[in-house]
Amino acid sequence: MKIKKVDRRTGKMLLILGSAVAAFLFLMVSNNLVKELANQERDRMSIWAQATERLAKANVDSDFEFLLGIIAQNNSIPVLICDKDGNISEFRNFTLPDKKDADKSLFSELSERNRNYLEKRLKKVAGTETLPEVAKHNRHFIEIELFGGENQYIFYEDSRLLRSLSIYPYIQMVVMVALALIIYMAMVYTKRAEQNRVWVGLSKETAHQLGTPISSLMAWTEYLRAMGVEEEIAGEIDKDVKRLSVIADRFSKIGSQPEMQLDYLNEVVAKSLDYMKSRVSGRVEITMHLSDDDHGVLLSRPLIEWVMENLTKNAVDAMQGEGKLDITTGAEKNIVWIEVKDTGKGIARKNFKTVFNPGYTTKKRGWGLGLTLVKRIIEEYHGGKIFVKESEIGSGTTFRIEMPAV
């Protein structure tokens, strides 16, 4: 069992590690592509700025058509052209708030709302520094020299395509993680459903197989009485046969909704423990602290008795047949509760939830299904919960059951 748990844990760690490495490589490649595209846009803007500069200095012999063609090719990168004082003169490729200025390129021709919008975009790109300081480190800045020695400054933003590509890897990662979680949850649900079907089939088959020998034992009990066997002996045999009938009935209820009836917790707990007292070691001192406030609860008496017997047996095993077992009941607001406290070897905190998993056991013999069945009975059939309230290695453990009160 330990080997299987280690292998399963190692498999999960390898899966998580592999996914993390794959995600890292994916992001690294995507970021490299984005950087390469950004460099290409920088080169395009440099060529565009040079064409603008040459056009400003052009004479009658210049190839105006070629220069204008280069300038016209920029239809995706947002550009702002301003003077040394940060006053915008022209712009390109911005989606303006006022659509009536969509065909304009001169700042002075825009509405006040659009002018304010572009000034905010300039501050976002240039920051609060002066233009000479911006030139030292801002990769979205190009200085051009115009005719007569006057300079203009070009600020540009990343194109919509580049912005989309820079965000896309992270969106894709979120989608991949969400898809992985959905697949994982589906696999877990399928596995649990399969386990439930196996358990239900095993339980009902067990109940069916017990039916024949129980009927036979009942007949043999009557035969022993007829043969003159002492009534005390026949009575004890009869009690155990009836107990087997109860156990078979419990197994038959697994997988189907049990019949719930209004009952009182103290009576159910007391009856269950009275049966167990005569069947555990005499060195185990069992004490009941039953609450005076005994609320009614909708429950299946056979299944709750099964829960108490399982918890009692586990406690006796944990104490190795010697110690104290305290059973306490109580009520708080809209719940009733049971606490089972033993003086056994205790449970490590890391195993507080693991103890309810199928197959978990510290005994040399057993399937490790007792607490799993207890959890299912309490949570799925009675709408309550069971958990390890407290435990200390070498000192004991306290299990707590909570169920809704009527």
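Values in this document were obtained by computation on a predicted structure and should not be read as measured data. Position numbers for residues count from 1 along each chain, tracking the sequence in the order it is written. The model is predicted, so local features are restricted to residues of pLDDT at least 70 and side-chain atom pairs to those at 80 or more, both for listing and for counting; the totals for chains, interfaces and linings are taken over all residues. Derived side-chain values reflect all non-hydrogen atoms in the structure, with water molecules and hydrogen atoms excluded from consideration.

Chemist: I would appreciate a short explanation of the confidence of the model for the protein chain in the present structure.
Modeler: One rule of thumb: low pLDDT means the predicted coordinates there are not for detailed reading. Scored from 0 to 100, pLDDT reflects the predictor's confidence in each residue. With 84% of its residues at a pLDDT of 70 or more, the protein chain has an overall mean of 79. Taken element by element, the predicted model of the protein chain shows its lowest mean pLDDT in helix α4 (residues 131-134) (56) and its highest in strand β11 (residues 396-404) (95). Residue range residues 1-6 is modelled with pLDDT below 50. Its contacts to residues more than four positions away, or to other chains, number three contacts. Helix and strand labels come from DSSP, where a helix needs a run of H or I of at least four residues and a strand needs a run of E of at least two; each type is numbered from the N terminus. Throughout, a residue-residue contact means that at least one pair of heavy atoms, one from each residue, lies within 4.5 Å.

Chemist: Help me out: how do you make sense of empty space enclosed by the protein in this one?
Modeler: Rolled over the atoms, a probe as big as a water molecule pinpoints where empty space is left. Using protein atoms alone on a 1 Å grid, points that fit a 1.4 Å probe yet trap it form a cavity, whereas open point sets bounded by protein on both sides within 12 Å along at least five of seven lines form a pocket; residues with an atom within 4 Å of a point count as lining. Grid points are joined across faces, edges and corners, and a volume is the space filled by probe spheres set on the points. For the structure on display, the rule yields one cavity of 30 Å³ or more. A volume near 40 Å³ is recorded for the largest cavity. Lining the largest cavity are Leu265, Asn266, Ser291, Asp293, Asp294, His295, Thr329, Gly330, Ala331 and Val336. Only α7 (265-277) and β8 (323-332) provide two or more residues apiece to the lining of the largest cavity. Here the element with the most residues in the lining of the largest cavity is β8; it accounts for three residues.

Chemist: When you look at α7 in this model, what are you seeing that I'm missing?
Modeler: Three- or four-residue spacings in an α-helix give side chains the same orientation, since the helix completes a turn every 3.6 residues. To estimate the expected span of a helix, subtract one from its residue number and multiply by 1.5 Å. For α7, spanning 13 residues, the distance from its first C-alpha to its last is 18 Å, which sits close to the expected 18 Å at 1.5 Å a residue. Within α7, burial applies to Leu265, Asn266, Val268, Val269, Ala270, Ser272, Leu273, Tyr275 and Met276. Partly exposed describes any residue whose relative accessible area lies between the buried limit of under 20% and the exposed limit of over 50%, with all areas from a 1.4 Å probe on protein chains only and scaled to the type maximum.

Chemist: Explain the side chain of Asp342 here, please?
Modeler: Mapped onto the secondary structure, Asp342 falls in strand β9 (residues 335-342). Two residue types count as positive, namely Lys and Arg, and two as negative, namely Asp and Glu; His and chain ends fall outside the count. The rule for a salt bridge is simple: a side-chain nitrogen of Lys or Arg has to be within 4 Å of a carboxyl oxygen of Asp or Glu. The side chain of Asp342 sits in the buried core without any salt bridge; Lys341 is the nearest counter-charge, 9.3 Å away. At 2.8 Å, the side chain of Asp342 and the backbone nitrogen of Gly344 are in polar contact. With residues up to four places along the chain from it excluded, the contact list for Asp342 reads Ala315, Met319, Lys324, Leu325, Ser395, Gly396 and Thr397. Pairs of N or O atoms are called polar contacts if they sit within 3.5 Å, as long as, within protein, a hydrogen donor faces a hydrogen acceptor (for residues adjacent in sequence, only side-chain-to-side-chain pairs).

Chemist: Sorry, what's going on with the side chain of Thr398 here?
Modeler: Residue placement: Thr398 occurs in strand β11. Among the residues examined, Thr398 registers a relative accessible area of 3% and is labelled buried.

Chemist: How should the sheet that holds β11 be read in this particular structure?
Modeler: Consider a sheet: its strands pair through backbone hydrogen bonds, and that pairing is either parallel or antiparallel. Taken in spatial order, the five strands make up an open sheet running β6-β8-β9-β11-β10, and their pairing is mixed. The open sheet has two edge strands, β6 (284-289) and β10 (385-392), and neither has a second partner. Strand-to-strand twist of the sheet, defined as the mean angle between neighbouring strand axes without regard to direction, takes the value 15°. At least two bridges found by DSSP between two strands are what make those strands a pair. Summarising the sheet, β8 and β9 pair through eight bridges and their orientation is antiparallel. Directly across from Ile327, in β9, lies its bridge partner Val340. For helices, the fitted line uses only the C-alpha atoms of the stretch in contact; every axis is such a line through C-alpha atoms, and the angle between N-to-C directions lies from 0 to 180 degrees. Sheet strands touched by helix α9 (residues 370-381): β10 and β11. Its angle to β10, the strand with the most contacts, is close to 135°.

Chemist: How should I be thinking about the packing of α7 against helix α8 (residues 301-318) in this particular structure?
Modeler: Relative placement of two packed helices is described by the angle separating their axes and the distance separating the axes. Where α7 contacts α8, the two axes come as close as 9 Å, and the packing angle between them is 50°. Classed by the angle they form, the pair α7 and α8 counts as oblique. By crossing handedness, the relation of α7 to α8 is classed as right-handed. On α8, the residues touching Glu267, Val268, Val269, Lys271, Ser272, Leu273, Tyr275 and Met276 of α7 are Arg301, Ile304, Glu305, Met308, Glu309, Thr312 and Lys313. As a working rule, the residues Ala, Val, Leu, Ile, Met, Phe, Trp, Tyr, Cys and Pro are called nonpolar, Asp, Glu, Lys and Arg charged, and the rest polar, with Gly in that last group. Classifying every residue of the contact of α7 with α8 gives seven nonpolar, two polar and six charged. Here is the rule for angles: anything less than 35 degrees is roughly parallel, anything more than 145 is roughly antiparallel, 65 through 115 is roughly perpendicular, and the remaining ranges are oblique. Rotating anticlockwise by less than a right angle from the far helix to the near helix defines a left-handed crossing, while the corresponding clockwise rotation defines a right-handed one.

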